[in-house]
Amino acid sequence: MSNSNQQTKSNVVIGLLGPKLVRGDGPLRWEHWRPTVSLFQHENLLWDRLELIHEGKFSKLARRVADDIQMVSPETEVVLRQLDFRDAWNFEEVFSKLDELARSMELDPEEEDYWVHISTGSHVQQICLFLLTESGRGVRRSWGDVPRGARSEAGRFVGSGALYTSVQRRRCTRLRTP
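Described in the following lines is the structure provided in the data block.

What counts, and at which threshold
Residues numbered from 1 in each chain as written. Predicted model: local features only at pLDDT ≥ 70, side-chain atom pairs only at ≥ 80, totals over all residues. Heavy atoms only, no water. Buried < 20%, exposed > 50% of the residue type's maximum accessible area, 1.4 Å probe, protein only. Helix = DSSP H or I, 4+ residues; strand = E, 2+ residues; numbered from the N terminus. Pairing = 2+ DSSP bridges. Phe/Tyr/Trp six-rings, centres within 6.5 Å; stacked < 30°, edge-to-face > 60°. Lys NZ or Arg CZ within 6 Å of the ring centre and 35° of its normal. Polar contact = N/O pair within 3.5 Å; in protein donor to acceptor, adjacent residues only side chain to side chain. Salt bridge = Lys/Arg side-chain N within 4 Å of Asp/Glu carboxyl O. Axes fitted to C-alpha atoms, helices over the stretch in contact; angles between N-to-C directions. Parallel < 35°, antiparallel > 145°, perpendicular 65-115°, else oblique. Left-handed = near helix turned anticlockwise from the far one by under 90°. Contact = heavy atoms within 4.5 Å. Nonpolar A, V, L, I, M, F, W, Y, C, P; charged D, E, K, R; others polar. Expected span 1.5 Å × (residues − 1).

### Re the pairing of strand E4 (residues 112–117)
In terms of residue burial, E4 counts as a mostly covered element, since five of its six residues are buried. Examined bridge by bridge, strand E1 (residues 10–16) and E4 share six bridges and lie parallel to one another. Each bridged residue has a counterpart across the sheet, and for Gly15 the counterpart in E4 is His117.

### Notes on the packing of aromatic side chains
Within the structure shown, the criterion is met by one aromatic pair. Seen from their ring centres, Trp47 and Trp115 are 5.3 Å apart, and the 90° between their planes marks the pair as edge-to-face. With Trp47 in the loop between helix H2 (35–38) and strand E2 (49–54) and Trp115 in strand E4, the pair connects residues that are 68 residues apart, well separated along the chain. Among the residues examined, Trp47 registers a relative accessible area of 3% and is labelled buried. The residue whose ring lies beneath Arg34 is Trp30, and the NZ or CZ to ring-centre distance is 4.6 Å.

### Concerning the side chain of Arg34
Relative to the helices and strands, Arg34 is located in the loop between helix H1 (19–22) and H2. Here the side chain of Arg34 touches Asp68 through a polar contact of 2.8 Å, side chain to side chain.

### With respect to the pattern of salt bridges
Applying the stated criterion to the full structure yields 10 salt bridges. Ionic pairing is found between Arg81 and Glu51, a salt bridge with its closest N-O pair at 2.4 Å. Of this pair, Arg81 sits in strand E3 (residues 77–82) while Glu51 sits in strand E2; the two residues are 30 residues apart in sequence, bridging distant segments of the chain. Note on Arg81: relative accessible area 24%, which makes it partly exposed. A salt bridge links Arg64 to Asp68; the nearest nitrogen and oxygen atoms lie 3.3 Å apart.

### Brief notes about the pairing of E3
Direction of pairing for E2 relative to E3: parallel, over a ladder of six bridges. Bridging from a neighbouring strand, Ile53 pairs with Arg81 of E3.

### Some remarks on the packing of helix H4 (residues 91–104) against helix H5 (residues 123–134)
Packed helices, taken two at a time, are described by their axes: the angle between them and the distance between them. Their axes nearest at 9 Å, the elements H4 and H5 cross at an angle of 45°. Accordingly, the angle class assigned to the pair H4 and H5 is oblique. Relative to H5, H4 is oriented so that their crossing is right-handed. Note on element contacts: H5 touches H4 through Val124, Gln125, Ile127, Cys128, Leu129, Leu131 and Leu132, opposite Phe91, Val94, Phe95, Leu98 and Asp99. Looking at the contact of H4 with H5 residue by residue, the class counts come to 10 nonpolar, one polar and one charged.

### A word on H4
Taking 1.5 Å of rise per residue, 14 residues should cover 20 Å, and H4 covers 20 Å from first to last C-alpha, within 8% of that figure. Taken together, the buried positions of H4 are occupied by Glu93, Val94, Leu98, Asp99 and Leu101. Its buried side turned inward, H4 meets E1, E2, E3 and H5. In this structure Asn90 caps H4, since a side-chain oxygen of it lies 3.0 Å from the backbone nitrogen of Glu92. At the C-terminal side of H4, Glu106 shows a positive phi close to 50°.

### With respect to the environment of Glu75
With respect to the helices and strands, Glu75 occurs in the loop between helix H3 (59–72) and E3. Since its relative accessible area comes to 52%, Glu75 is described here as exposed. For Glu75, the side chain forms a polar contact with the side chain of Ser73, separated by 3.0 Å.

This is the structure we're talking about:
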């Protein structure tokens, strides 16, 4: 809990667009679990900003996800960041490009709490995001989502999330959302 003299930090989540789980443009997309959108459907979690990393060939899909997030969480700012990979399964390329992007973002952990969403992207991309989290570059928490078969009050499919705190901090905590 913060007192009235303390400023509350903004919660910023950084994640990759998962084009295979997004499920298209039609109204039936709301009938499926979409991990990135699901992050913003938890009634007990508030995110101030999403930094959504996507490849150029998925720009239209990234815009659709951003629009859907604005529908379920209008207070959340969505920043689209294009990052192209020749091979999303190549560890060296993926780690290098994500590291370069992270360094260019000028993270300010004094003002913002950063989370990495590791439920989307190729397995290599997910592993590289986790490794960057463990490297201690300002992002110390990872969030993973799995489908739980529940729907929000609005009837939209949501997942069950788990918070993983960096092991560099000598503890690993797993929290479940209801």
